[in-house]
Amino acid sequence: MRRIIQFIKEWTLPVSIATGSFLYLLFAFIPALDGAANFFAPILDAALPLFMFLVLYVTFCKVDFRKLIPVGWHLWIALSQVLMVAVVIGAILIFHITDDSLILLEALLVSIICPCASAAAVVTQKLGGNLEEMTTYTFLSNFLCALLIPFCFPLIESGAGISFWGAFIAILYKVCLVLVAPMFLAYITKHWHALCKFYQWVISVNSLSFYLWGCSLLIVSGTTVKNIVHAEVASSFLLLIAILALALCLIQFAIGRYIGHFFRSTINAGQALGQKNTAFAIWIAHTYLNPLSTVGPGCYILWQNIINSVEIWQHDHVIKRKNK
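Because the structure is predicted, anything quoted here is derived from the model rather than measured.

Participant: Help me understand the packing of aromatic side chains, please; the structure alone is not making it clear to me.
Facilitator: We describe a pair of aromatic rings using the distance from one ring centre to the other and the angle between the two ring planes. Considering all chains together, one arrives at 4 aromatic pairs under this definition. When the centroid spacing of 6.1 Å and the interplanar angle of 70° are considered together, the rings of Phe153 and Tyr288 count as edge-to-face. On the criterion of sequence distance, the pair formed by Phe153 in helix 7 (residues 131–156) and Tyr288 in helix 13 (residues 278–288) is long-range, its members being 135 residues apart. Residue class for Tyr288 comes out buried when judged on its relative accessible area of 13%.

Participant: What should I look at first to understand the pattern of salt bridges in this one?
Facilitator: Side-chain pairs of opposite charge can arise where the charged atoms are in close proximity. Scanning the entire structure with this criterion turns up 1 salt bridge. Arg257 is the partner of Glu311 in a salt bridge, and the nearest nitrogen-oxygen pair spans 3.2 Å. Residue Glu311 is located in helix 14 (residues 295–323), and its partner Arg257 is located in helix 11 (residues 235–261); the two are separated by 54 residues in the primary sequence. Relative accessible area serves as the criterion here: at 34%, Arg257 is assigned to the partly exposed category.

Participant: Looking at this structure, I do not really get the environment of Phe263. What am I missing?
Facilitator: With respect to the helices, strands and loops of the structure, Phe263 is situated in the loop between helix 11 and helix 12 (266–274). With relative accessibility at 34%, the residue Phe263 sits in the partly exposed group. For the pair Phe263 and Ile284, spaced 21 residues apart in sequence, the C-alpha separation works out to 32 Å. Those residues in contact with Phe263 that sit more than four places away from it in its chain are Gly72, Trp73 and Trp76.

Participant: Can you help me understand the nonpolar core in this one?
Facilitator: Where a protein is soluble and globular, its nonpolar side chains tend to be buried together. Counting residues in each nonpolar core, the largest one holds 70 residues, and the members touching the most others are Ile77, Val85, Ile113, Tyr137, Ile149, Phe153 and Ile284. Here this core takes 12 residues from helix 7, the largest share from any one element. When near neighbours in sequence (up to four residues on either side) are disregarded, Ile77 contacts Tyr137, Gly256, Ile259, Ala269, Ala272 and Leu273. Among the nonpolar cores identified, the runner-up in size contains 11 residues, and Leu238, Ile241, Ala242 and Val295 belong to it.

Here is what the cut-offs are and how they apply
- Residues numbered from 1 in each chain as written.
- Predicted model: local features only at pLDDT ≥ 70, side-chain atom pairs only at ≥ 80, totals over all residues.
- Heavy atoms only, no water.
- Phe/Tyr/Trp six-rings, centres within 6.5 Å; stacked < 30°, edge-to-face > 60°.
- Helix = DSSP H or I, 4+ residues; strand = E, 2+ residues; numbered from the N terminus.
- Buried < 20%, exposed > 50% of the residue type's maximum accessible area, 1.4 Å probe, protein only.
- Salt bridge = Lys/Arg side-chain N within 4 Å of Asp/Glu carboxyl O.
- Contact = heavy atoms within 4.5 Å.
- Core = buried A, V, L, I, M, F, W, Y, C linked by side-chain atoms within 4.5 Å.

Right, here's the structure in full:
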């Protein structure tokens, strides 16, 4: 039993992915479970934002708010993201790409243009990175995304009907729900004397935000498999999207880590550019682009969390060797 628990602790992310995927397939393809599936579906839909909120709340409780200031690598990571977005948009416009090729590029575009994942701070902390620098960039990345999307999407989807302020306000609203609300409550919890004991309990529970994130990843993985199963395209096309998403994931992590080594922030910069808010990406793709492009960020979330799992395992392995 101890070995099983230890295995789950070391490989929380892939275990969450595998469990979520298996449970969806189990309920989807066994007719006898249709009633249970219909019962749990709305509960899980409501649980996902709650888990994400709790992940950020617990993470922000450990943040020193006085250290939330921009640093050098923030600028270069943001410029890299803008450059990659410009390359994809330029390719679509210059070569007049349409049909399946357009879906492929849209799948890649949303995985580039979407902001840094809110949970990136959790992984960064797990890897020994700087939590405050990561949290600061998460905010900057979300506002950059809010500016890029209204400008870029109408260029490739003329029928999307996106007005600048409409899209800006809609995205900004989501940013506030995802980031500002848990940060505000965490600040109150940290500085209000009446909540002192509760605050001490929150920060004393080891890796609490990480395991909460694992629960949210379980739900997201099931949703991702659902999107893939119900995508009305050839399996070869889905496989191509998955391969391109893997290549993009590796490229973004690599570029981020390369930039970061100039600032002695390899972990932070790699997570900042490589780990994306794919749930947000799926939403904007479904809302503004071809719905099939949601498969791209759906696959990306699997790849980025496999990479995160390997990085966490390597980090923990090094720590164990030093402690021997």
